[in-house]
Amino acid sequence: MACILAPSLLSADFLNLNRDLEMINRSEADWLHLDVMDGVFVPNISFGFPVIEQVNKVCKKPLDVHLMVVEPQKFISMVKACGAYQMNVHYEACLHLHRTVWNIRETGMKAAVTLNPHTPVELLEDILCDLDMVLLMSVNPGFGGQQFIRQSLEKVKRLKAMILRKGLTTLIEVDGGVNLTTGKLLIEAGADVLVAGSSVFGADDPEDMISRMKQL
Ligand code: DX5
Ligand code: ZN
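Residues numbered from 1 in each chain as written. Chains lettered and ligands numbered in written order. Predicted model: local features only at pLDDT ≥ 70, side-chain atom pairs only at ≥ 80, totals over all residues. Heavy atoms only, no water.

### A word on the layout of surface pockets
At step 1: By volume, the largest pocket amounts to about 250 Å³.
At step 2: Gly-144, Gly-145, Asp-175, Gly-176 and Gly-177 are, among the 25 residues lining the largest pocket, the residues nearest its centre.
At step 3: Looking at the lining of the largest pocket, its residues break down into ten nonpolar, 13 polar and two charged.
At step 4: Residue lining of the second largest pocket: Met-1, Ala-2, Cys-3, Ile-4, Lys-160, Leu-171, Ile-187, Gly-190, Ala-191, Asp-192 and Lys-214, and that is the complete set.
At step 5: Here the lining of the second largest pocket is composed, by residue class, of seven nonpolar, one polar and three charged. (1 Å grid on protein atoms, 1.4 Å probe; cavity = no way out; pocket = protein on both sides within 12 Å on 5 of 7 lines; lining within 4 Å. Points joined across faces, edges and corners; volume = space filled by probe spheres on them. Nonpolar A, V, L, I, M, F, W, Y, C, P; charged D, E, K, R; others polar.)

### Here we look at unusual backbone geometry
At step 1: Located in the positive-phi region is Glu-71, a residue other than glycine, with phi close to 50°.
At step 2: Mapped onto the elements of the fold, Glu-71 is located in the loop between strand S3 (63-68) and helix H3 (76-81).
At step 3: Accessibility expressed as a relative area gives 36% for Glu-71, which makes it partly exposed. (Helix = DSSP H or I, 4+ residues; strand = E, 2+ residues; numbered from the N terminus. Buried < 20%, exposed > 50% of the residue type's maximum accessible area, 1.4 Å probe, protein only.)

### Comments concerning the coordination of the zinc ion (ligand 2)
At step 1: Coordination of the zinc ion (ligand 2) by the protein involves His-33 (NE2), Asp-35 (OD), His-66 (ND1) and Asp-175 (OD), with metal-donor separations of 2.0 to 2.3 Å.
At step 2: Mapping the donors of the zinc ion (ligand 2) onto the primary sequence yields the spacing H-x1-D-x30-H-x108-D. Of this pair, His-66 sits in strand S3 while Asp-175 sits in strand S7 (residues 171-175), and the two are 109 residues apart along the sequence.
At step 3: For Asp-175, a relative accessible area of 9% corresponds to the buried category. (Donors = N, O, S within 2.8 Å, 3.2 Å for Na, K, Ca; no water.)

### Quick word on the sheet that holds S3
At step 1: Pairing within the open sheet is parallel, and its eight strands lie in the order S1-S8-S7-S6-S5-S4-S3-S2. The open sheet has two edge strands with one neighbour each: strand S1 (4-7) and strand S2 (32-37). The average undirected angle you get between the axes of adjacent strands in this sheet is 25°.
At step 2: Alignment of S7 against strand S8 (residues 193-196), held across three bridges, turns out to be parallel. Its bridge partner lying in S8, Glu-173 is registered against Val-193.
At step 3: Sheet strands in contact with helix H2 (residues 49-58) are S2 and S3, and its direction is about 170° off that of S3.
At step 4: Across the sheet, helix H4 (residues 97-106) is in contact with strand S4 (86-90) and strand S5 (110-115); its angle to S5 comes to roughly 145°. (Pairing = 2+ DSSP bridges. Axes fitted to C-alpha atoms, helices over the stretch in contact; angles between N-to-C directions. Contact = heavy atoms within 4.5 Å.)

### Thoughts on the site of ligand 1
At step 1: By nearness alone, 19 residues border ligand 1, and Ser-8, Asp-35, Gly-142, Asp-175 and Ser-198 come closest of all.
At step 2: Note that an oxygen atom of ligand 1 is positioned 2.8 Å from one of the backbone N or O atoms of Gly-145.
At step 3: Gly-197 places a polar main-chain atom, nitrogen or oxygen, 2.8 Å from an oxygen atom of ligand 1.
At step 4: Here ligand 1 loses 100% of its free accessible area of 380 Å² to cover by the protein chains.
At step 5: For ligand 1, the cavity whose grid points lie within 2 Å of the majority of its atoms is the largest pocket.
At step 6: Going through the elements one at a time, S2, S3 and S8 are the ones with two or more residues in the shell around ligand 1.
At step 7: Of the residues in the shell around ligand 1, the class split is seven nonpolar, ten polar and two charged. (Near = heavy atom within 4 Å. Polar contact = N/O pair within 3.5 Å; in protein donor to acceptor, adjacent residues only side chain to side chain. Areas by Shrake-Rupley, 256 points an atom, 1.4 Å probe, with all protein chains shown as cover. Sits in = over half its atoms within 2 Å of the grid points.)

Fair warning: the whole summary comes from geometry, so function is off the table for now.
Okay, structure coming up:
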């Protein structure tokens, strides 16, 4: 079965966002991934809700919003108001993760928990059944275009085994350094959703790259 592909807007041309969003609409991409960074949780600042709201007016694909911010629970209603399909919060940023996950679900959005590269998947043992998706970071969050961390493959395998053992249907998404080579390895390891920024938007023909990644 083909993976779910979520190109990451972070690598798009911000001076030609409309053009890049039209390309996403025409393409075989399944979702659009949006990275919100606050300069505190990660050492970078990206874009915020006013931008996502405008993107939602043009983009026909479901919006997968990845919050790299401290206290993400403060922004649930704002993410919902932007038209997001799914909200990803970092495990490392949530003191009361169970409450946050349920507050997200109550809005009707899908709830996903993101793990930094150093955070073991085993920490999700007691909350996995409440999640629609787990997002495994395969780079340290904050920047596009970084090198894929190989140990992520083992994490995907361990998480897949946990999901199967519990009889769940939780999706596994992987974000960071995903290209045709690492994407293939990730799918073999058990990933369901691939996020791809620079490998898509940096390609000579991004639409063709999306179809090639969908064929992995
Ligand atoms: C990184 C972001 C990613 C980023 C991935 O912190 O979460 O979504 O856009 O970029 P690439 O695919 O270039 O590694
Ligand atoms: Zn991301």
